[in-house]
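Here's the letter readout for the chains.
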Amino acid sequence: MRKNENSRSGKTLFVCSGCGSQFPKWVGQCPDCQAWNTLSESLSVGKASRNPRFDGYAGDANQNRIQVLSDVSTEVRSSTPTGISELDRVLGGGLVTGSVILIGGDPGIGKSTLLIQTLATLSGAIPALYVSGEESPEQISLRARRLGLPGERLGLLAETCVERILALVRTDPPALMVVDSIQTLYTEQLQSAPGSVAQVREAAAQLVRFAKQRGTIVFLVGHVTKEGALAGPRVLEHMVDTVLYFEGESGSQLRLVRTIKNRFGAVNELGVFAMTDKGLREVSNPSAIFLSRHDQEVSGSVVLVTREGSRPLLVEVQALVDDSPLSNPRRITLGLEQNRLSMLLAVLHRHCGIAMYDQDVYVNVVGGVRITETAADLVVLLAVLSSFRDRNLPRDLVAFGEVGLAGEIRPIPNGQERLREAAKHGFRRAIVPKANQPKQKIKGLEVTGVERLSDVLDTF
Ligand code: TYD
Ligand code: MG
């Protein structure tokens with residue numbers, strides 16, 4: 001369906017994502033910039049178009065005027081808690097009227113489950129609607145019943161045409177609407193297949209416009225594929241107010257929801273859930289769930305006190321260093337950035353003289369958590385060294401700290417809070433940047449402050 005047959009009086013055109021040139025017909029190679037496969041279908045913004053392309057909230061063009069910042073009324077935005085506190089945490093307190101929230105994640109990770117739970121819980125208080133393009137009303141109802149959710153006041157709609165959805169809800173807009181998933185929707189204005197970038201973008205744009213005009217809170221579900229080849233939710237991130245992503249290992253019960261973008265709150269906040277046979281359950285005190293419990297001391301394992309979002313989490317980092325049969329040894333990371341590991345190994349070689357050019361190095365963060373902060377640097381190196389030397393580190397040791405290219409250990413934010421959390425969970429020793437050493441002693445915790453990476457080598 002690439003060709004623009006029967007295009008209604010030139011409403012659609014094809015735009016090159018590389019150079020922005022526009023063409024009436026699809027071609028494989030852009031005649032202007034010579035790039036291949038960059039043309040995608042789009043709506044033209046000619047004067048005939050009564051439905052301008054929309055990527056943000058522009059207001060009503062006819063009644064628009066310039067306002068003074070301090071005069072703009074802000075009262076209209078009220079925030080409704082969802083009743084699921086881990087979800088409220090990632091949303092920045094609750095659901096804001098007229099906001100659009102994108103929930104992304106791998107297929108089968110729990111997006112529909114979380115949303116049907118949220119919707120059913122809230123439907124008692126506010127009018128709610130679940131629009132599904134993936135499951136039939138019977139399937140949704142079956143799942144809701146199995147989860148023991150109240151369904152008396154929750155609207156259901158199985159529909160994939162965005163114009164028809166909006167026509168149905170326009171007369172009596174719900175306060176909360178879930179669209180599952182955005183990839184199954186299509187707009188009649190474009191001829192390309194549902195799931196293509198143009199369709200996803202245009203369908204979402206119409207929903208965003210509706211949300212802003214009517215004050216409906218809209219959840220959009222988006223699948224991310226591993227390859228990212230499919231028109232994923234990434235193209236929508238700039239249009240919506242909040243972007244949440246599901247993380248977690250398929251083998252584990254834990255599901256993490258991370259805030260990637262939030263116009264109403266902090267980003268990088270983490271909500272923790274566990275998938276059970278009764279749906280997703282909140283884990284409201286998750287600080288120690290990412291520790292794998294060994295009975296004995298093992299080499300290559302160190303506990304990091306990370307601070308993802310606004311609370312500390314204890315996470316175990318494991319490393320395995322092994323003789324490599326390859327001329328180009330492996331550097332594999334799970335839950336951490338791979339380039340960062342290569343950089344840390346270079347620092348270790350340059351400033352401590354420990355070479356790993358003939359070793360494969362694997363680093364894994366237990367529990368499927370993804371660590372984005374640099375506080376993990378010191379822990380990664382401790383774990384790598386412990387495995388390399390095959391020397392165990394004490395089980396009651398925690399660490400954190402950033403490692404600089406000059407071999408220095410840099411302080412990180414909220415050191416005190418992290419140390420207190422570690423002490424609370426029974427850890428007795430900590431290796432931290434010197435500047436993070438607490439002024440007052442923390443009860444039961446022996447803290448070693450280090451300034452240079454070479455200081456750490458002597459600790460075990
Ligand atoms: P789902 O929410 O349908 O995933 P998504 O919408 O992100 O594609 O979740 C489906 C998975 O969750 C499926 O593998 C089964 C599991 N699951 C449970 O373990 N317990 C439950 O109560 C439910 C509803 C699902
Ligand atoms: Mg689903």
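Note that the structure is a prediction, hence the values are computed from the model and not measured.

## Structural notes on the site of ligand 1
Close contacts around ligand 1 come from 16 residues, with Gly-108, Lys-111, Ser-112, Thr-113 and Thr-276 the closest. Measuring from an oxygen atom of ligand 1, one finds a backbone N or O atom of Ile-109 at 3.4 Å. In this structure, a nitrogen atom belonging to ligand 1 sits 2.7 Å away from a main-chain N or O atom of Thr-276. With the chains in place, 72% of the 560 Å² that ligand 1 exposes on its own is no longer accessible. Breaking the shell around ligand 1 down by element, the ones donating at least two residues are helix H2 (111-122), helix H3 (137-146) and strand S13 (270-276). For the shell around ligand 1, the leading source of residues is H2, giving three residues. Considering only residue class, the shell around ligand 1 consists of four nonpolar, six polar and six charged.

## So, the sheet that holds strand S2 (residues 22-23)
Spatially, S2-S1-S3 is the arrangement adopted by the three strands of the open sheet, whose pairing is antiparallel. A single partner strand is all that each edge strand has here, and the edge strands are S2 and strand S3 (39-43). Sheet topology note: the strand S1 (residues 12-16)/S2 ladder contains two bridges and is antiparallel. Bridge pairing in S2 links Val-15 to Gln-22.

## What about empty space enclosed by the protein?
This model, assessed by the stated rule, comprises one cavity of 30 Å³ or more. Of the pockets and cavities examined, the largest cavity occupies roughly 30 Å³. Lining of the largest cavity is provided by Leu-91, Gly-94, Leu-95, Val-96, Ser-99, Ile-101, Thr-242 and Phe-264. Each residue belonging to the lining of the largest cavity can be placed in one class, and the counts come to five nonpolar, three polar and no charged.

## A look at the confidence of the model for the chain
Averaged over every residue, the pLDDT of the chain is 86; residues scoring 70 or more account for 90%. Within the chain, strand S20 (residues 402-403) carries the highest mean pLDDT (97), whereas S3 carries the lowest (81). This model gives residues 1-10 a pLDDT under 50, and the stretch forms 17 contacts once residues within four places in sequence are excluded. Considering only residues more than four positions removed or in separate chains, one finds that residues 47-56, a stretch of pLDDT under 50, has 16 contacts.

## Focus on the sheet that holds strand S6 (residues 100-105)
In spatial order, the strands read S8-S7-S9-S10-S6-S11-S12-S13-S14; together these nine strands make up an open sheet with mixed pairing. Since the sheet does not close on itself, it has two edges, and those belong to strand S8 (154-158) and strand S14 (279-282), each with one partner. When strand polarity is set aside, the average angle formed by the axes of neighbouring strands in this sheet is 25°. As defined by bridge partners, S13 adjoins S14 across four bridges and the pair is classed as antiparallel. Bridge pairing links Thr-276 to Gly-279 in S14. Its contacts with the sheet put helix H5 (residues 197-214) on S6, strand S9 (176-180) and strand S10 (217-223), and the angle it makes with S10 is roughly 160°.

## Some words on the nonpolar core
Ranked by internal contacts, the top residues of the largest apolar core, which has 65 residues, are Val-363, Leu-378, Val-380, Val-384 and Leu-453. Looking at which element gives the most residues to this core, the answer is helix H7 (residues 377-389), with eight residues. The contacts of Leu-453, once residues within four sequence positions are left out, are Val-347, Leu-348, Cys-352, Leu-378, Leu-381, Val-403, Gly-407 and Ile-409. Counting residues in each nonpolar core, the second largest holds 32 residues, with Leu-114, Leu-115, Val-178 and Val-221 among its members.

## Let's talk about the packing of helix H4 (residues 162-170) against H5
Between H4 and H5, the least distance of the axes is 10 Å, while the angle of their chain directions is 15°. Taken as axis vectors, H4 and H5 run roughly parallel relative to one another. As for the relative orientation of H4 and H5, their crossing is right-handed in sense. Counted together, Val-162, Glu-163, Leu-166, Val-169 and Arg-170 of H4 and Ala-203, Gln-206, Leu-207, Phe-210 and Arg-214 of H5 form the full contact between these two elements. Of the residues belonging to the contact of H4 with H5, the class tally is six nonpolar, one polar and three charged.

## Structural notes on the environment of Gly-93
Mapped onto the elements, Gly-93 comes out in the loop between helix H1 (85-91) and strand S5 (95-96). The class for Gly-93 is partly exposed, based on a relative accessible area of 40%. Each C-alpha atom of the pair Gly-93 and Leu-69 lies 24 Å from the other, and the pair is 24 residues apart in sequence. Gly-93 has contacts with Ser-79, Pro-81 and Asp-88, leaving out every residue within four places of it along the chain.

## Describing the side chain of Arg-258
Considering the arrangement of structural elements, one finds Arg-258 in strand S12 (residues 254-262). Relative accessible area serves as the criterion here: at 0%, Arg-258 is assigned to the buried category. There is a polar contact of 3.1 Å between the side chain of Arg-258 and the side chain of Asn-268. Apart from residues lying up to four places away in sequence, Arg-258 is in contact with Val-243, Leu-244, Tyr-245, Glu-247, Asn-268, Glu-269, Leu-270, Glu-308, Arg-370 and Thr-372.

## Examining H5
An ideal rise of 1.5 Å per residue puts 26 Å on 18 residues; H5 measures up with 26 Å between its terminal C-alpha atoms. Of all 18 residues in H5, 15 are buried, a share of seventy percent or more. Remark: Gly-215 follows H5 within two positions and exhibits a positive phi of approximately 75°.

## Considering the pattern of salt bridges
The tally for this structure, following the rule as stated, stands at 18 salt bridges. The shortest N-O distance in the salt bridge between Glu-247 and Arg-258 comes to 2.6 Å. Separated by 11 residues along the polypeptide, Glu-247 in strand S11 (residues 242-247) and Arg-258 in strand S12 bring together distant segments of the chain. Assigned by exposure class, Glu-247 and Arg-258 land together as buried. One salt-bridge network, held together by shared partners, links Glu-86, Arg-89, Glu-269 and Arg-311.

## Describing the side chain of Ser-192
Position of Ser-192 among the secondary structure elements: in the loop between S9 and H5. Judged by its relative accessible area of 14%, Ser-192 is buried. Within polar-contact distance, the side chain of Ser-192 engages the side chain of Glu-41 at 2.7 Å.

About the thresholds
Residues numbered from 1 in each chain as written. Chains lettered and ligands numbered in written order. Predicted model: local features only at pLDDT ≥ 70, side-chain atom pairs only at ≥ 80, totals over all residues. Heavy atoms only, no water. Near = heavy atom within 4 Å. Polar contact = N/O pair within 3.5 Å; in protein donor to acceptor, adjacent residues only side chain to side chain. Areas by Shrake-Rupley, 256 points an atom, 1.4 Å probe, with all protein chains shown as cover. Helix = DSSP H or I, 4+ residues; strand = E, 2+ residues; numbered from the N terminus. Nonpolar A, V, L, I, M, F, W, Y, C, P; charged D, E, K, R; others polar. Pairing = 2+ DSSP bridges. 1 Å grid on protein atoms, 1.4 Å probe; cavity = no way out; pocket = protein on both sides within 12 Å on 5 of 7 lines; lining within 4 Å. Points joined across faces, edges and corners; volume = space filled by probe spheres on them. pLDDT = per-residue confidence, 0-100. Contact = heavy atoms within 4.5 Å. Axes fitted to C-alpha atoms, helices over the stretch in contact; angles between N-to-C directions. Core = buried A, V, L, I, M, F, W, Y, C linked by side-chain atoms within 4.5 Å. Buried < 20%, exposed > 50% of the residue type's maximum accessible area, 1.4 Å probe, protein only. Parallel < 35°, antiparallel > 145°, perpendicular 65-115°, else oblique. Left-handed = near helix turned anticlockwise from the far one by under 90°. Expected span 1.5 Å × (residues − 1). Salt bridge = Lys/Arg side-chain N within 4 Å of Asp/Glu carboxyl O.

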